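Here is what each chain is made of, one letter per residue.
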Amino acid sequence: MRWWDIEPVLALEAELFPEDAWSEGMFWSELAHARGPRATRHYVVAEDPSDGRLVGYAGLAAAGGLGDVQTIAVSRDQWGTGLGARLLTDLLKEATAFECEEVLLEVRVDNTRAQKLYERFGFEPIGFRRGYYQPGNVDALVMRLIVQGTGTEI
């Protein structure tokens, strides 16, 4: 993801997450940590090859052997195409490059589609964060994937 992707990312963010969409400033802050030798973030976008429209994006934060999936979003017209899996695969490859031993994520408890994707990749539930998604006061399921030291390959 580059600065010129922020506007279409914000449009997709608002469409998919109307109650708890990230702000423009949040994306700018994340991108500030995604370049250079001390980068601790990795963000990627996906475009529709037929028209160049942005149809997905994903981000990972990494520090001290721990990765955290910050966001994954796929436009509704791309659901079921495998794009979410490709974005997650990209993040997990970067987690390996960042030498993460485990990767965490939060997912809305009512987002079973995403939960099933994460389970297919080996993520396991480890707890809840009550009222994590605001203002809707929706709980988050916390999931973890052990990456290194257990024989798990990404």
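Residues numbered from 1 in each chain as written. Predicted model: local features only at pLDDT ≥ 70, side-chain atom pairs only at ≥ 80, totals over all residues. Heavy atoms only, no water.

- By the naming in an unreviewed UniProt entry, the chain is [Ribosomal protein bS18]-alanine N-acetyltransferase, taken from Streptomyces litmocidini.
- Here the chain is described in UniProt, under the heading Subcellular location (unreviewed entry), as follows: "Cytoplasm". (UniProt positions renumbered as here; feature names shortened; annotations may be inferred.)

Focus: the pairing of strand β2 (residues 54–63)
Working step 1: The buried fraction of β2 amounts to nine of the 10 residues, a majority that puts the element mostly inside the structure.
Working step 2: Sheet topology places strand β1 (residues 41–47) next to β2; seven bridges connect them, and they run antiparallel. Its bridge partner lying in β2, Y43 is registered against G59.
Working step 3: The hairpin formed by β1 and β2 contains six residues between the paired strands, and G52 there has a positive phi angle of roughly 75°. (Buried < 20%, exposed > 50% of the residue type's maximum accessible area, 1.4 Å probe, protein only. Helix = DSSP H or I, 4+ residues; strand = E, 2+ residues; numbered from the N terminus. Pairing = 2+ DSSP bridges.)

Side note on the packing of helix α1 (residues 6–16) against helix α2 (residues 24–32)
Working step 1: Contact pair α1 / α2: the axes reach a minimum separation of 10 Å and the direction vectors enclose 130°. Relative to α2, α1 is oriented oblique. When you trace α1 past α2, the crossing you get is right-handed. Contacts from I6, V9, L10 and E13 in α1 reach E24, F27, W28 and L31 in α2.
Working step 2: Here the contact of α1 with α2 is built from residues that sort into six nonpolar, no polar and two charged. (Axes fitted to C-alpha atoms, helices over the stretch in contact; angles between N-to-C directions. Parallel < 35°, antiparallel > 145°, perpendicular 65-115°, else oblique. Left-handed = near helix turned anticlockwise from the far one by under 90°. Contact = heavy atoms within 4.5 Å. Nonpolar A, V, L, I, M, F, W, Y, C, P; charged D, E, K, R; others polar.)

Points about the environment of H42
Working step 1: Tracing the chain through its elements places H42 in strand β1.
Working step 2: The class for H42 is buried, based on a relative accessible area of 16%.
Working step 3: Between the alpha carbons of H42 and D90 there is a distance of 9.4 Å; along the sequence they are 48 residues apart.
Working step 4: With residues up to four places along the chain from it excluded, the contact list for H42 reads A58, G59, L60, D90, L91, E94 and F98.
Working step 5: A distance of 2.5 Å separates the side chain of H42 from the side chain of D90, its partner in a polar contact. (Polar contact = N/O pair within 3.5 Å; in protein donor to acceptor, adjacent residues only side chain to side chain.)

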